[in-house]
Amino acid sequence: SLKTPASEHFKRQATDWVQSASTSPRVYMLPGSWDRSCDYSSEQLGYRYSLEHWMHQNILANEVLLVSDPQAADFVYLPHCATGIFMHLVAKFELQHLANEKRRGKNSSHGAPGLKEEILRYEGNLPVRAVRGTDHAYLMHKVQTLWTKQWEFQHCLRRRSCQFLIVSIYGRHVWRK
């Protein structure tokens with residue numbers, strides 16, 4: 001029925017969860033990952049690209065899920081805003097391309113051949129430089145210089161009952177490493 005946003009499947013799952021007396025998963029948010037770049041991009045990208053921001057706010061505001069002790073967590077949440085970084089890199093590279101065309105005296109609107117951006121067809125036709133820039137300069141940087149250096153991350157890594165929670169609008173196939 002269109003009267004409720006919840007599907008019958010969702011209602012059954014929620015009822016089963018309540019009747020089985022299951023507990024909510026416990027989530028610890030790794031500190032220091034959400035930075036100014038994330039705050040700035042949340043206002044600029046609009047609703048379509050806000051999944052990472054929405055999840056961040058949802059987890060922060062959910063006292064049932066959020067725990068302050070990483071040793072009690074089922075999940076360690078690794079907050080990031082890779083989509084915002086990706087979108088800004090796409091715009092940056094496009095502006096560079098247009099400036100290069102202008103310097104060469106070519107107008108791409110008249111069909112002049114220019115440097116074409118390499119596209120990753122198997123990854124939803126995303127531009128290579130923006131994907132790899134996000135992957136290497138942002139996500140791998142966070143892994144190598146921030147996340148793996150924190151004791152909470154190391155504790156979860158060693159504990160079988162702990163998993164990492166990372167949100168990605170594009171999915172694992174894009175952020176490759």
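Note that the structure is predicted; figures quoted are calculated from it, not measured.

## Concerning the overall build of the protein
From N to C terminus, the protein includes six helices and five strands. For the protein, the sequential pattern of α-helices and β-strands runs α-β-α-α-β-α-β-β-α-α-β. Of the contacts made within the protein by residues no fewer than 6 positions apart, 77% connect residues no fewer than 24 positions apart. Summed over all atoms, the accessible surface of the protein reaches about 11900 Å², with 56% contributed by carbon and sulfur.

## Description of the packing of aromatic side chains
Applying the stated rule across the entire model yields one aromatic pair. Ring geometry for F153 and F164: centres 4.4 Å apart, planes at 25°, overall stacked. With F153 in helix α6 (residues 151-158) and F164 in strand β5 (residues 163-165), this residue pair connects regions lying eleven residues apart in the sequence. The class for F153 is buried, based on a relative accessible area of 9%. Just above the ring of F93 sits the side chain of R129; from NZ or CZ to the centre is 4.1 Å.

## Looking at the environment of C81
Here C81 lies in the loop between β2 (75-77) and α4 (82-103). A relative accessible area of 0% means that C81 is categorised as buried. Distance in space between the C-alpha atoms of C81 and S33 is 9.2 Å, their sequence separation being 48 residues.

## Here's the deal with the pattern of salt bridges
The full count for this structure, using the stated rule, is two salt bridges. As a salt-bridge pair, D74 and R26 come within 2.8 Å of each other at their nearest N and O atoms. Of this pair, D74 sits in the loop between α3 (51-61) and β2 while R26 is found in the loop between α1 (8-19) and β1 (27-29), placing the two residues 48 residues apart along the sequence. Close ionic contact of E101 with R104 constitutes a salt bridge, the shortest N to O distance being 3.1 Å. In this structure R104 comes out as partly exposed when scored by relative accessible area, which is 47%.

## Focus on the packing of α4 against helix α5 (residues 128-145)
It is the contact of α4 with α5, at a shortest axis distance of 9 Å, that shows an interaxial angle of 130°. Classified by the interaxial angle, the pair formed by α4 and α5 is oblique. Seen along the crossing, α4 lies across α5 with a hand that is right-handed. Facing A82, I85, F86, L89, V90, F93 and Q96 of α4, the residues of α5 in contact are R129, A130, V131, G133, T134, Y138 and L139. Taken together, the residues of the contact of α4 with α5 break down into ten nonpolar, three polar and one charged.

## What to know about the state of the cysteines
Such a bond, covalent and formed between the sulfur atoms of two cysteines, is termed a disulfide. Counting across every chain of the model gives two disulfides. Here C38 is linked by a disulfide to C81, with a sulfur-sulfur distance of 2.2 Å. Taking the torsion about the S-S bond as the criterion, the C38 to C81 disulfide, at about -85°, is left-handed. Taken together, the residues span a long stretch of sequence, with C38 in helix α2 (residues 36-44) and C81 in the loop between β2 and α4 at a distance of 43 residues. As far as the burial class goes, C38 and C81 line up, both buried. Note that C156 is cross-linked by a disulfide to C162, the S-S spacing being 2.0 Å. Judged by the torsion about the S-S bond (-100°), the C156/C162 disulfide is left-handed. Across the pair, exposure class does not vary: C156 and C162 are buried alike. Sequence-ordered numbering of the bonded cysteines in the protein gives a disulfide pattern of 1-2, 3-4.

Each value, and the rule that gives it
- Residues numbered from 1 in each chain as written.
- Predicted model: local features only at pLDDT ≥ 70, side-chain atom pairs only at ≥ 80, totals over all residues.
- Heavy atoms only, no water.
- Helix = DSSP H or I, 4+ residues; strand = E, 2+ residues; numbered from the N terminus.
- Contact = heavy atoms within 4.5 Å.
- Areas by Shrake-Rupley, 256 points an atom, 1.4 Å probe, with all protein chains shown as cover.
- Phe/Tyr/Trp six-rings, centres within 6.5 Å; stacked < 30°, edge-to-face > 60°.
- Buried < 20%, exposed > 50% of the residue type's maximum accessible area, 1.4 Å probe, protein only.
- Lys NZ or Arg CZ within 6 Å of the ring centre and 35° of its normal.
- Salt bridge = Lys/Arg side-chain N within 4 Å of Asp/Glu carboxyl O.
- Axes fitted to C-alpha atoms, helices over the stretch in contact; angles between N-to-C directions.
- Parallel < 35°, antiparallel > 145°, perpendicular 65-115°, else oblique.
- Left-handed = near helix turned anticlockwise from the far one by under 90°.
- Nonpolar A, V, L, I, M, F, W, Y, C, P; charged D, E, K, R; others polar.
- Disulfide = S-S within 2.5 Å.

Such coordinate-based values are descriptive only and should not be taken to indicate function.
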